[in-house]
Amino acid sequence: RVKKSKRSLSFKLSYYNEYKSYLSVINMGEEVKEKKPNPIVENARSFGKFLYDPDTKTVMGRGGASWAKIGVFYIIFYSCLAGFFAVCLKVMLMTLDENQPTVMGRTNRPTAAIGFKGLYKMDFKSTEGWKSYRTAIENMTDAYAEAGKNNSKSYSMDNLGDCAAVEDAAIRNLTWGCFYVGLNRMVGWEPEKDLYFKCEFVKGKTGKGNVEPPFTTEMIPSEAVQKATFKSYYPWLSKAKSGLQPVAAIRVKFNNETGNPLVSSSDFTEEHLNTFYECAAYSGDEKIEDSRSAMFEIIYTLPQFEKDD
């Protein structure tokens, strides 16, 4: 009986130890699972501690004294940098002439042009385009009027007749307008002979409406007047000394025999046409050597009547 009791007790202890081992394995697995960190949470926690660490009382790894020292350093550093830049800028500006450029390259080459944006296109079809064109004329006339007040040598727009003021220069419902052409400001340059401009339609240039342009043109002032007066405005030295350079105007008028290009009718094509007009600067009988021409564009529409069978 004693032996039997010992065997029974041994069996129970063995069973208990196995059960205990089983529980230990389960608990170890749970412990392992509980110890796995969430990377997002851990990263957020680390970043938050970087921004402010309550244990060391630091912000982004620095205490109050450290931030004060680095703040003072950068204030002094950037103040010195700004002062150095201001001195360099002042010294550079002292070397420049306000009235003429110090260095002149390709811009000192004769070029037929007009220095006001919006004066290279005359758009009879577009209301907005026509408005921009008129605004450009106003800007130009205002600039020449102001220059005339400050310098009596400056060219006067009164020499341009009907093209001198926007009220007469651009009248859409009468289908006429004005182009303007002069030379770029070339310091110290002057023509060898009499200076004047010649302009003509560019027939055959890419676009429609160039084979038989339905416009008549008039140069103001005339070629003879340009030859007699324009050369006296050169050499051009600066805006302060010479004012604004002389310009010629080209009055463009639609040929009424062809029809009005603005009338809204079923007989008119909706497709717009382009006519190009080119102006070049001449000295004597020849175009100024190595000079560039100015190109203008007229946008309009024409009546298209059906032909009888």
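*Asks:* Whenever I open this one, the packing of aromatic side chains confuses me. Can you help?
*Replies:* Working definition: an aromatic ring pair is given by the centre-to-centre distance plus the angle between the planes. Under the definition given, this model contains 19 aromatic pairs. Taking the centre distance of 6.1 Å and the plane angle of 15° together, the rings of Phe 73 and Phe 77 count as stacked. Within this pair, Phe 73 and its partner Phe 77 are both found in helix α3 (residues 64-94), separated by four residues, close to a single helical turn. Using a relative accessible area of 49% as the deciding quantity, one classes Phe 73 as partly exposed. Residue classification places Phe 77 among the partly exposed positions, given a relative accessible area of 39%. Between the aromatic rings of Phe 124 and Phe 215, the centroid separation amounts to 6.2 Å while the plane-to-plane angle is 15°, which identifies the pairing as stacked.

*Asks:* Sorry, what's going on with the nonpolar core here?
*Replies:* A general trend in soluble globular proteins is that nonpolar side chains are found buried together. Within the largest apolar cluster, 54 residues are counted, with the highest numbers of intra-cluster contacts made by Leu 119, Leu 160, Tyr 180 and Val 181. Top contributing element to this core by residue count: helix α4 (residues 127-150), with seven residues. When neighbours within four sequence positions are excluded, Leu 119 is seen to be in contact with Ile 114, Tyr 133, Ala 136, Ile 137, Met 140, Phe 179, Tyr 180 and Phe 296.

*Asks:* Help me understand the state of the cysteines, please; the structure alone is not making it clear to me.
*Replies:* By definition, a disulfide links the sulfur atoms of two cysteines through a covalent bond. Overall, the coordinates contain two disulfides when judged by the stated rule. In this model Cys 163 forms its disulfide with Cys 178; the gap between the sulfur atoms is 2.0 Å. Because the torsion about its S-S bond is -70°, the bridge between Cys 163 and Cys 178 counts as left-handed. Of this pair, Cys 163 sits in the loop between α4 and α5 (166-169) while Cys 178 sits in strand β5 (residues 176-183), placing them 15 residues apart in sequence. Judged on exposure class, the residue Cys 163 and its partner Cys 178 are both buried. A sulfur-sulfur separation of 2.1 Å characterises the disulfide bridge that pairs Cys 199 with Cys 279. Of note, the bridge from Cys 199 to Cys 279 carries an S-S torsion of about 115° and is right-handed in sense. In this pair, Cys 199 is assigned in strand β6 (residues 195-201) and Cys 279 in strand β9 (residues 273-283), connecting sequence segments 80 residues apart. Each bonded cysteine in the chain gets a number by its place in the sequence, and the pairs come out as 1-2, 3-4.

How each quantity is defined
Residues numbered from 1 in each chain as written. Predicted model: local features only at pLDDT ≥ 70, side-chain atom pairs only at ≥ 80, totals over all residues. Heavy atoms only, no water. Phe/Tyr/Trp six-rings, centres within 6.5 Å; stacked < 30°, edge-to-face > 60°. Helix = DSSP H or I, 4+ residues; strand = E, 2+ residues; numbered from the N terminus. Buried < 20%, exposed > 50% of the residue type's maximum accessible area, 1.4 Å probe, protein only. Core = buried A, V, L, I, M, F, W, Y, C linked by side-chain atoms within 4.5 Å. Contact = heavy atoms within 4.5 Å. Disulfide = S-S within 2.5 Å.

Just distances and angles here, no functional claims.
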